[in-house]
Amino acid sequence: MDMERVNSMGFGEFVDVFGNIIEKCPLVAAAVWSQRPFSNLEDLESHFFAFIDALPRSGQEGILRCHPDLAGRDLQQGTLTAESQREQSQAGLTSLDADDRLRLQRLNAQYRERFGFPFVLAARLSDRDAVPRELARRLHCQPESELRTALGEVKKIGHLRLVDLLGAHPARVE
Ligand SMILES: NC(=O)NC1=NC(=O)NC1=O
């Protein structure tokens, strides 16, 4: 899909295509549509990220709360979005043994208890050993910095989902 096609999309088609760039937050795509035309993937992405950055803290925490736990209930029940299902299975989270799954669920619960939002990490850039390690590490961070870290992961997930849809930007040959 090229940028000409993206820029020609009506509102409905744009939200159909980009509504889950930010997990379960089609509002972001609905807002970004009015910023068209976009010059390239980075430009489009910058509008998604600017919307998130401009939200009040409650809105940013709301974005995080829309993310399903890693190896959590949604994964067990098969109710993940297609993107999340793919990302979590690529990180090996669909084949955890009972002990590892229970450990991750306990860590997720501790994390949510401490911060009031779920642990979010770009699963495609991680793996089944790194996820619990990173969760245990971030569990001890300060709330302010952890909010920023978590939103950074939302942006990594969003970037990878945009690359899936638009194709990676060929390296410029100077
Ligand atoms: N809590 C999460 O981090 N969820 C997720 N990370 C991903 O990369 N996909 C998810 O569903």
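What comes next concerns the included structure.

What counts as what
- Residues numbered from 1 in each chain as written.
- Predicted model: local features only at pLDDT ≥ 70, side-chain atom pairs only at ≥ 80, totals over all residues.
- Heavy atoms only, no water.
- Buried < 20%, exposed > 50% of the residue type's maximum accessible area, 1.4 Å probe, protein only.
- Helix = DSSP H or I, 4+ residues; strand = E, 2+ residues; numbered from the N terminus.
- Contact = heavy atoms within 4.5 Å.
- Axes fitted to C-alpha atoms, helices over the stretch in contact; angles between N-to-C directions.
- Parallel < 35°, antiparallel > 145°, perpendicular 65-115°, else oblique.
- Left-handed = near helix turned anticlockwise from the far one by under 90°.
- Nonpolar A, V, L, I, M, F, W, Y, C, P; charged D, E, K, R; others polar.
- Expected span 1.5 Å × (residues − 1).
- Polar contact = N/O pair within 3.5 Å; in protein donor to acceptor, adjacent residues only side chain to side chain.

**Digging into helix α9 (residues 130-138)**
Along α9, the positions that sit buried rather than exposed are Ala-130, Val-131, Pro-132, Leu-135 and Arg-138. Those residues of α9 that are buried are in contact with α8 (98-115) and α10 (143-166).

**A closer look at the packing of α8 against α9**
Interaxial distance between α8 and α9 falls to 10 Å at its minimum, and their mutual angle equals 25 degrees. One way to sum up the angle between α8 and α9 is to call them roughly parallel. Between α8 and α9 the crossing geometry is left-handed. Seen from α8, the contacting residues are Arg-103, Leu-104, Leu-107, Asn-108, Tyr-111 and Phe-115; seen from α9, they are Val-131, Pro-132, Leu-135, Ala-136 and Arg-138. Its residues assigned to classes, the contact of α8 with α9 comprises eight nonpolar, one polar and two charged.

**As for helix α4 (residues 41-54)**
Between its terminal C-alpha atoms α4 stretches 20 Å, which fits the 20 Å expected from 14 residues at 1.5 Å a residue. Buried residues along α4 sit against α1 (3-7), α2 (11-18), α3 (26-32), α5 (57-65) and α10. A distance of 3.1 Å separates the backbone nitrogen of Glu-42 from a side-chain oxygen at the start of α4, and that oxygen is part of Asn-40.

**What about the packing of α4 against α10?**
Two numbers describe how α4 lies on α10: the axes approach to 11 Å, and their chain directions differ by 150 degrees. With respect to each other, α4 and α10 are oriented roughly antiparallel. Read as a crossing pair, α4 and α10 show a hand that is right-handed. Note on element contacts: α10 touches α4 through Leu-151, Val-154, Lys-155, His-159, Leu-162, Val-163 and Leu-166, opposite Leu-41, Leu-44, Glu-45, Phe-49, Ile-52 and Asp-53.

By themselves these figures say nothing about function.
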